[in-house]
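Below are the chains, spelled out letter by letter.
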Amino acid sequence: MKGLGKAVVKLRIPIIIVAIALLVPAAIGFLKTRINYDVLTYLPKDIETMKGQDILVDEFGTGAFSFLITEGMQDKDVSKLKKEIEGVDHVKTVLWYDSIADISIPEEILPDKYREIFRNGDATMMAIIYDTTISADETMEAVTEIRKLSGDQCFLSGMTAVVLDTKNLSDGEVPIYVGIAVLLSLVVLSLSMDSFLIPIFFLLSIGMAIIYNLGSNMIRGQISYITLALAAVLQLAVTMDYSIFLWHSYCHEKRKGLQKNEAMAAAINSTFSSVIGSSVTTVAGFIALCFMSFTLGMDLGIVMAKGVVIGVICCVTVLPSMILIFDKAIAKTSHKPLLPSFDKVSNFIVNKYPIFLILFLLILGPAFYGYKNTKVYYNLDSSLPASLPSIKANNELNDKFEMNSTHIILLSKDVDRKTVSHLADDLMDVDGVKKVLGLDTLVGSSVPMELIPDDVREVVESDNYQLLMVMSEYKVASDEVNHQCEVIDKLIKEVDSGAMLVGEAPCTKDLIDTTAVDFRNVSIISIAVIAVIIALVFRSASIPVLLVSAIEFAIFINLGIPHYTGTVLPFVASIVIGTIQLGSTVDYAILLTNNYKEKRLSGFDRKESVRIALQKSITSIIVSGFTFFSATFGVGLYSKIDMISSLCTLMARGAIISMFTVILVVPAFLILFDRLIVYSTIGFGEVRKEMKKHEHIVGGKHLA
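The text that follows walks through the structure, step by step, so that each part is easy to find.

Conventions used here
- Residues numbered from 1 in each chain as written.
- Predicted model: local features only at pLDDT ≥ 70, side-chain atom pairs only at ≥ 80, totals over all residues.
- Heavy atoms only, no water.
- Buried < 20%, exposed > 50% of the residue type's maximum accessible area, 1.4 Å probe, protein only.
- Helix = DSSP H or I, 4+ residues; strand = E, 2+ residues; numbered from the N terminus.
- Pairing = 2+ DSSP bridges.
- Patch = residues over 30% accessible without salt bridge, like charges linked within 9 Å, V, L, I, M, F, W, Y side chains within 5 Å.
- Areas by Shrake-Rupley, 256 points an atom, 1.4 Å probe, with all protein chains shown as cover.
- Salt bridge = Lys/Arg side-chain N within 4 Å of Asp/Glu carboxyl O.
- Axes fitted to C-alpha atoms, helices over the stretch in contact; angles between N-to-C directions.
- Contact = heavy atoms within 4.5 Å.
- Phe/Tyr/Trp six-rings, centres within 6.5 Å; stacked < 30°, edge-to-face > 60°.
- Lys NZ or Arg CZ within 6 Å of the ring centre and 35° of its normal.
- Parallel < 35°, antiparallel > 145°, perpendicular 65-115°, else oblique.
- Left-handed = near helix turned anticlockwise from the far one by under 90°.
- Nonpolar A, V, L, I, M, F, W, Y, C, P; charged D, E, K, R; others polar.
- Expected span 1.5 Å × (residues − 1).
- Arc of directions from axis to C-beta.
- Lys, Arg positive; Asp, Glu negative; His and termini not counted.
- Charge placed at Lys NZ, Arg CZ, Asp CG, Glu CD.
- Polar contact = N/O pair within 3.5 Å; in protein donor to acceptor, adjacent residues only side chain to side chain.

Among the 8 residues of strand S9 (residues 405-412), 7 are classified as buried, and the element is accordingly described as predominantly covered. Two strands pair when backbone bridges link them, and S9 and strand S11 (residues 465-472) are joined in this way by 8 bridges, in the antiparallel orientation. Along S11, the bridge assignment pairs Thr406 with Met471. Looking at chain direction, S9 and strand S12 (residues 500-503) are connected through 4 bridges and run antiparallel.

Right, let's talk about a nonpolar patch on the surface for a bit. On the surface, Ile355, Ile358, Leu359, Leu362 and Ile363 cluster together to form a nonpolar patch covering roughly 450 Å² of accessible area. Within the secondary structure, Ile358 is located in helix H15 (residues 353-373).

Moving on, we get to the sheet that holds S11. If you trace the 4 strands from one edge of the open sheet to the other, you get S10-S11-S9-S12, paired in antiparallel fashion. Each edge of the sheet is formed by a strand with only one pairing partner; in this case those strands are strand S10 (433-437) and S12. Going across the sheet, the axis of each strand differs from the next one's by a mean of 25°, ignoring polarity. With respect to the sheet, helix H3 (residues 48-60) is in contact with S9, S11 and S12, its orientation differing from that of S12 by roughly 85°.

What follows is about the side chain of Thr271. You can see Thr271 is positioned in helix H10 (residues 260-288). The class of Thr271 is buried, set by a relative accessible area of 0%. Look past the residues within four positions of Thr271 in its chain and what remains in contact with it is Tyr242, Phe245, Leu246, Ser249, Cys315 and Val316.

Right, let's get into the packing of aromatic side chains. If you walk through the whole model with that rule in mind, you get 16 aromatic pairs. Ring pairing ties together the aromatic residues Phe360, Phe553, Phe669 and Phe673, which thus form one cluster. One Lys or Arg, Lys640, reaches over the ring of Tyr638 and ends 5.0 Å from the middle of that ring.

Okay, the pattern of salt bridges next. Side-chain pairing between opposite charges can occur once the charged atoms of the two side chains come close. Tallied over the entire structure, the rule returns 19 salt bridges. Of the charged contacts in the structure, one is a salt bridge between Glu402 and Lys434, with a shortest N-O distance of 3.3 Å. With Glu402 in the loop between helix H16 (389-401) and S9 and Lys434 in strand S10, this pair connects stretches of sequence that are 32 residues apart. The residue Arg611 makes a salt bridge to Glu608 at a minimum N-O spacing of 3.2 Å. Placement of the pair is Arg611 and Glu608 together in helix H24 (residues 606-638), with a separation of 3 residues, close to one helical turn. Given a relative accessible area of 16%, Arg611 falls into the buried group. Residue class for Glu608 comes out partly exposed when judged on its relative accessible area of 28%. Among the ionic contacts, a cluster of salt bridges with common partners joins Glu48, Asp489 and Lys493.

Take the packing of H10 against helix H23 (residues 571-601) next. The interhelical angle for the contact between H10 and H23, taken along N-to-C directions, is 165°, at an axis separation of 7 Å. Overall, the two elements H10 and H23 adopt an arrangement that is roughly antiparallel. The hand of the H10/H23 crossing is right-handed. Between H10 and H23, the contacting residues are Ser278, Thr281, Thr282, Gly285, Phe286 and Ala288 on the first element and Thr579, Ile580, Gly583, Ser584, Val586, Asp587 and Ile590 on the second. Split by residue class, the contact of H10 with H23 holds 5 nonpolar, 7 polar and 1 charged.

To continue, consider the environment of Val188. Tracing the backbone through its elements, the reader meets Val188 in helix H7 (residues 159-192). Distance from Val188 to Asp674, taken between C-alpha atoms, is 35 Å for residues 486 residues apart in sequence. Excluding residues that lie within four positions of it along the chain, Val188 makes contacts with Phe626, Thr627 and Ser630.

Let us now look at helix H4 (residues 75-86). Each full turn of the α-helix corresponds to 3.6 residues, which orients residues three or four apart in the same direction. If you check H4, its first and last C-alpha atoms are 16 Å apart, about what 12 residues at 1.5 Å a residue would give, namely 16 Å. Residues Val78, Ser79, Leu81, Lys82 and Ile85 constitute the buried set of H4. With its buried residues spanning 160° around the axis, H4 presents them on a single face. Projecting away from the buried face of H4 at angles above 90 degrees are the exposed residues Lys76, Lys80 and Lys83. Where the residues of H4 are buried, they touch strand S2 (65-71), strand S3 (91-95), strand S5 (123-130), helix H6 (137-149) and strand S6 (154-156).

So, about the environment of Val666. Mapping Val666 onto the fold places it in helix H25 (residues 642-672). Among the residues examined, Val666 registers a relative accessible area of 1% and is labelled buried. Measuring from C-alpha to C-alpha, the distance between Val666 and Ser390 comes to 49 Å, with 276 residues separating the pair along the chain. The residues contacting Val666, other than those within four sequence positions of it, are Leu547, Ala550, Ala589, Leu592, Thr593 and Thr661.

Below, the discussion takes up a negative patch on the surface. Judged by side-chain charge, Asp89, Asp131, Glu138, Glu141 and Glu145 come together as a negatively charged surface patch. Inspection of the secondary structure puts Glu145 in helix H6. Take Glu145: its relative accessible area is 35%, and that puts it in the partly exposed class.

What follows covers helix H17 (residues 417-428). In this model, H17 (12 residues) spans 16 Å end to end at C-alpha, consistent with the 16 Å of a helix rising 1.5 Å per residue. Buried residues of H17: Val420, Leu423, Ala424 and Leu427, and no others. Taken end-on, H17 shows its buried residues confined to a sector of 105°, consistent with a single buried face. At its buried positions, H17 is contacted by S9, S10, S11 and helix H20 (479-495). Where H17 starts, the residue carrying a side-chain oxygen 3.1 Å from the main-chain nitrogen of Lys418 turns out to be Asp416.

Shown next as structure tokens:
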């Protein structure tokens, strides 16, 4: 490690030149990385709904469809609009009233079941089938073009429209997220650092690390919009500590009388050794997300674990080089830290530690109850503003045609038309089913196959499969639609054992089932891995239990609050927040405990060791906690995407709760369980001897 510090100091100019040069390929890599805005694509590929999606693409040449609702338009104008939409690239076909009957035929002649498919009063509905998948760029371009062709009287619904609106909203907000995080972090750092200029270099160094991280995602091909939205903010929040530690270490070495180059070399060596230990727990927390079968966790986990590693590298190379080059300018902007001394606070906490143990016990029960009973939602529409065109269109579809979700049934082509007709009748009897579209419902079972238009047949038949579309009045992710899917799946399996039920609602039902298992697995893995790391760091059997228990207590409070405030969280939050909070904030507890251990081994008693450790650590913990808070809180307030807003709000609140837990509860744990720690930790042999000696003396006096 001694060689690293000297090398960085010697090569500071080349390091800065290389760092700036690397921004170019990183920027190119970022621009070439595709952003995926469809969360459902992260479901496991081996489940039936995802296999069915592949069959739709392979057999029917489609994976996406939309419904266009028009109001107050004459039939001839609707027919004209339909022809224009059919000319849009990647629109495979458009089904409307004139697909099965000439618009000159009076409506009264047609049976109600045919007329009601496409009409309701002055509103009409046409189904638009695309030759690409839901979240494909080509499909989103087609939706954009259709919106241009349609007027204010038209509403385009469907998953692709939702994905497109998510894309447009997210792309516009992400740069603002970064700006908010940087601005608020700058405020906190300016108050807590001893130079007004040094926070600028912190942010420049971390900014470079963020760009390198985002650029390297090109190797993966694509990342989720959620990962993109959180990556910069979260990387800034979790790696700022490393920069602060380097600066404090550098200042400490200079106060010892070393020249700036020698001081920085020593600071780099000290920082690298310390940061490796603390960053491992953070990386472990993100790696735990990779064990989710819902692969959005892997997407976020890999990007953030990589970001932490890159952040550490930049902290011991780029940042020291900047500080040395601009040392004079930094010195000119130096000032006394504006944070007060917390020695009296530390003394109070240690002297009154039983109070905090009692508070811990009183809060634990309600916190855990809230944690276990906080409600989550899975309907992706719910995370978006109601003012978006796609959300308005989905509401219009519900108001005019009582349709909230659409299922697709894939049957073997060998199932005869009569059986399919009976199945369609049975499906209409299922609670919540409003319409069933298939060959018979579109053209009638008495019409010979050779007389059915090719564009209609291609929509519902392929070489190996036939398709039925089921319109439901139940909302996606509701208990009613999930039960409906179970009933429908049972009915179609009776007709064809290989039949499949696909669509947004069945996919979301699988999402609910999948993430329920993921939540348990990720929690167990993250706790186990981080506990093992802490056990190895401290060579202790008891310390990991105490520290993880303290942070889990903070997590219970954080994720339990929504239950008492009546807030419903997006499903992603309930899965990833606990792991991120544990991995990112357990470092606070490790810092405090390490200082306690150092003082305990130096001969201080348990209370004095904790008192000195808290006095030494509290400022760093507060600065770290508020920096994490500042980087995420503003984004939580600003974002109009509830998925992002909720995640950032929870991370911000979690950082503050963990900060207070470490400052108030962990010292009480260390004092209460001091004896257990001493007897279960390697390296405390001398302390154990002193304790036995003291006990012997006290016992002898007692006997005397």
